[in-house]
Amino acid sequence: MSVSSESRKGDRIYVIEGFISNVVTDDDGELDLTRSDELAIGDTVVYLDWSLDTVGDNLEIFIHYVDNKGQELKARENYFVIEDVWNNLRTYFTNLN
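All values reported here derive from a predicted model rather than from experimental measurement.

Undergrad: Would you mind going over the pairing of strand S4 (residues 44–55) with me for this structure?
TA: Inspection of the sheet shows strand S1 (residues 12–15) paired to S4 by three bridges, in the antiparallel sense. In the strand pairing of S4, Arg12 is matched with Val46. Here nine bridges tie S4 to strand S5 (residues 58–66), and the two strands are oriented antiparallel to one another. Counted as the bridge partner of Val55 is Asn58 from S5. Two successive antiparallel strands, S4 and S5, enclose a turn made up of two residues, where Gly56 displays a positive phi of approximately 65°.

Undergrad: Is there a simple way to explain the sheet that holds strand S6 (residues 72–76) in this structure?
TA: The strands making up a sheet are joined through hydrogen bonds of the backbone, oriented either antiparallel or parallel. The strand order S6-S5-S4-S1-S7 describes an open sheet built from five strands, whose pairing is antiparallel. Looking along the sheet, the strands with just one partner apiece sit at the ends: S6 and strand S7 (80–82). Pairs of neighbouring strands in the sheet enclose a mean axial angle of 45°, with direction left out of account. Along the sheet face, helix H2 (residues 83–94) touches S1 and S7 and points at about 95° away from the line of S7.

Undergrad: Help me understand the environment of Ser4, please; the structure alone is not making it clear to me.
TA: Mapped onto the elements of the fold, Ser4 is located in helix H1 (residues 3–6). Here the alpha-carbon distance between Ser4 and Trp50, two residues 46 residues apart in the chain, equals 5.9 Å. Ignoring any residue separated from it by four or fewer positions in sequence, one finds Ser4 in contact with Tyr47, Trp50, Ile61, Ile63 and Glu77.

Undergrad: Is there a simple way to think about the pattern of salt bridges in this case?
TA: Opposite charge on two side chains allows them to pair when their charged atoms are near. Taken as a whole, this structure holds four salt bridges when the rule is applied. In this structure, Lys74 engages Asp53 in a salt bridge whose closest nitrogen and oxygen atoms are separated by 2.5 Å. In this pair, Lys74 is assigned in strand S6 and Asp53 in strand S4, connecting sequence segments 21 residues apart. For Asp53, a relative accessible area of 18% translates into the label buried. Arg76 is the partner of Glu60 in a salt bridge, and the nearest nitrogen-oxygen pair spans 3.8 Å. Note that Glu60 is positioned in strand S5 and Arg76 in strand S6, a separation of 16 residues in sequence. Overall, the relative accessible area of 23% leaves Glu60 in the partly exposed class. Judged by relative accessible area, which is 30%, Arg76 ranks as partly exposed.

Cut-offs applied
Residues numbered from 1 in each chain as written. Predicted model: local features only at pLDDT ≥ 70, side-chain atom pairs only at ≥ 80, totals over all residues. Heavy atoms only, no water. Pairing = 2+ DSSP bridges. Helix = DSSP H or I, 4+ residues; strand = E, 2+ residues; numbered from the N terminus. Axes fitted to C-alpha atoms, helices over the stretch in contact; angles between N-to-C directions. Contact = heavy atoms within 4.5 Å. Salt bridge = Lys/Arg side-chain N within 4 Å of Asp/Glu carboxyl O. Buried < 20%, exposed > 50% of the residue type's maximum accessible area, 1.4 Å probe, protein only.

Shown next, in the form of structure tokens:
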């Protein structure tokens, strides 16, 4: 189930792989992790829309979302799942033991 085809604006979606969601650089152009925002596995964001963007020679689906700070951002679709998928994954991994 893909987020882009299964979600509607305002749906809560779940992060399944942590990533830097808002990159901030210092005066030298270097990544400043202390000021950059990160999303971790299990964090939720609010779905807005999706788009196709060119990355190198490939077309990638990007998810547009609002984070918990109210910022509108976008990231590759493979970082997210819908709530049903998240709940199924949680149940599966909980029952492994």
